[in-house]
Structures are given as C-alpha cells and as structure tokens.
Amino acid sequence: AHADGRHAGDALDAIGQHVAARAWYDRALTVRPGEPAVVIGKAASWLAEGNLDAAGQLLEPLPLQLGDAPLLQFQVSYLLDRRRFGDAVQALTAAMTAPHFELDGWTSAYYPVLGWAQRWAGDEKSAQKTFAEGKQKLEALRAARNDNGYITSNLAHIEAGLGNADAAEREADHSLQLGGDDHYHRAQMRLNRVVAQALTGRKDRALTALEVEMKQPIAIYAGDLRWSPYWDKIRDDPRFQKVLADA
C-alpha cells in the first residue's frame, strides 16, 4: 500500500493533479511515516503550486539524500527557488565528492545545476570550471552509453553556461529526438529545451517556445515559473508575466 500510494502520488503529480497527489502521499505516510521519497514527493507537489513555505516545512528537517539523484534534485530545486545558492552548491558538492558517487544519466544533471548555482552565487571562476569539466565528462558519458535525452539536455544547459547559444539550442533539439514517445519524458525534454533558450538570453525564442509549451497537456508548473532562477533572464518581459498569470 505504501509503494502504491507513493507511485499513485507521483503519477498524479506529474500530470498536474497536485491536490489529489497529496492525498495519496498522505496515505503512504500513514504506513511509513517520514519516508524521504514520500515526503519529498509531497513537498514537490507544493513546490509545483508555488507554495514554498509548505514545501519548506517538509524539506527543511530532512537530511540531504546524497545517494538518490532524483530526490536530491528536488531538494536542490527548493534551495534554488529560495535563492539559497550557497546551500545548493554545498549539497551538490557533497553528493559529487561522496565515496560511492557514480556519473550516470541521473547524476549528469549535477554538473549544469552546480555551474549555474555557482554563477548565481557570484563565484564565476568555479562556474566556468564546472561547466568546462561537465562538458568533457558528459560528452564522454554520452559516447559510452545509450542516452535517452537526459545527458544531452544537461549538455544543453552546460553550453548555455559557457555562452554557446547555438550549441545549447542544437543539443536541446537533439535531446528531443532522443526522448522517444513517452509523453512525460518528452514533456521533460521540452521543458529543458525552453530553459536552455531562457538561459542563453534568447528572449523572443524562449518566450515563443514557453507560450507553446503552456498549451501542452503536461504544462510547466506555476511554481516553477514563479520561483525558479532559471527564468530570471526573461522574467521581466510582459509576455512572461502573462504566461505566469495564466498558469
């Protein structure tokens, strides 16, 4: 019942049914109180709605899930939304220097997120080093294994960090081709593509893509648009403000 509750919650949350998702997470938590995966799932549903305080009440007491990439990424997303860039850098650095760390499709996201968090924290020298190392390591990883789009979309965000707008867009387009037919997976690749365009500062293209994205069955969450620093380069544009108001 516990696993079913969590998976039902995750499935509902993915399609934007956040209130219904929380009912399933609560059922799972009655069976396994404090289970990190369920607590973080529930917090993610609050984050999606833009309720940072409700998410924080669940996330703040929880230790960093250094050995579980999807869970740690939610914890780091919360820190970024809070603009706690130094804490996000510390969390990712701890995960990447842990004894059993292994670079794979999931953990490949640590490089671009760390690089951008370092830049937002004002540590440009470290950001450049992270982006350069990440590009080298992720290209090698992609050459060595079958990529379903995640490694390539992470490379897009690294290229954006290095200031290579054309390469960022090319990698983002390529990630969509690799993404296959799964709706949720493709939605993730499309989101990553819009983010890559926003990060390069190509405002008009990013905003046009964002407007298209919001008409999709699985749209970008309102909380993501409201709080995530990834949108900061286009945040002040009236078109972005309209998308946010309609989300």
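Further up the page is the structure itself.
Owing to the predicted nature of the structure, the values given are computational and were not obtained by experimental measurement.

Within the chain one finds 14 helices and zero strands. Seen in sequence order, the chain has helices and strands lined up from the N terminus as α-α-α-α-α-α-α-α-α-α-α-α-α-α. The C-alpha radius of gyration of the chain comes to 17 Å, within 12% of the 18 Å expected for a compact globule of 247 residues. Taken over the C-alpha atoms alone, the chain extends approximately 50 × 45 × 35 Å along its principal axes. Buried positions account for 49% of the 247 residues belonging to the chain. Taking all contacts inside the chain whose residues are at least 6 apart in sequence as the whole, residues at least 24 apart take part in 56%. Each charge class in the chain was averaged separately, 28 positive and 33 negative side chains, and the resulting centres sit 2 Å apart.

Take the layout of surface pockets next. Its volume calculated, the largest pocket comes out at about 1400 Å³. Around the largest pocket sit 47 residues that line it, and Q73, F74, S77, Y184 and Q188 are the ones nearest its centre. If you list the elements that add at least two residues to the lining of the largest pocket, you get α1 (2–14), α3 (36–49), α5 (69–81), α7 (110–120), α9 (150–161), α11 (183–200) and α13 (222–227). With eight residues, α5 is the single largest residue contributor to the lining of the largest pocket. Class assignment for the residues of the lining of the largest pocket results in 29 nonpolar, 11 polar and seven charged.

Scanning all chains against the criterion turns up seven aromatic pairs. Relative to Y110, the ring of F101 has its centre 6.0 Å away and its plane inclined at 25°; by these criteria the two rings are stacked. By relative accessible area, F101 is classed as partly exposed at 26%. Ring geometry for W116 against F131: centres 5.7 Å apart, planes inclined by 65°, an arrangement best described as edge-to-face.

Next up on the list: the packing of helix α10 (residues 165–178) against α11. At a minimum axis distance of 9 Å, the contact between α10 and α11 shows a crossing angle of 175°. One element, α10, and the other, α11, form an angle in the roughly antiparallel class. Touching A165, A168, E169, A172, D173, S175 and L176 of α10 are R186, M189, R190, R193, A196, Q197 and T200, all from α11. Of the residues belonging to the contact of α10 with α11, the class tally is six nonpolar, three polar and five charged.

Quick look at the side chain of T152 now. Residue position: T152 is located in helix α9. Note on T152: relative accessible area 0%, which makes it buried. Here T152 is in contact with R142, D147, E171, H174, S175 and L178, once residues within four sequence places are set aside.

Rules used throughout
- Residues numbered from 1 in each chain as written.
- Predicted model: local features only at pLDDT ≥ 70, side-chain atom pairs only at ≥ 80, totals over all residues.
- Heavy atoms only, no water.
- Helix = DSSP H or I, 4+ residues; strand = E, 2+ residues; numbered from the N terminus.
- Rg over C-alpha atoms; globule rule 2.2 N^0.38 Å.
- Buried < 20%, exposed > 50% of the residue type's maximum accessible area, 1.4 Å probe, protein only.
- Contact = heavy atoms within 4.5 Å.
- Lys, Arg positive; Asp, Glu negative; His and termini not counted.
- Charge placed at Lys NZ, Arg CZ, Asp CG, Glu CD.
- 1 Å grid on protein atoms, 1.4 Å probe; cavity = no way out; pocket = protein on both sides within 12 Å on 5 of 7 lines; lining within 4 Å.
- Points joined across faces, edges and corners; volume = space filled by probe spheres on them.
- Nonpolar A, V, L, I, M, F, W, Y, C, P; charged D, E, K, R; others polar.
- Phe/Tyr/Trp six-rings, centres within 6.5 Å; stacked < 30°, edge-to-face > 60°.
- Axes fitted to C-alpha atoms, helices over the stretch in contact; angles between N-to-C directions.
- Parallel < 35°, antiparallel > 145°, perpendicular 65-115°, else oblique.

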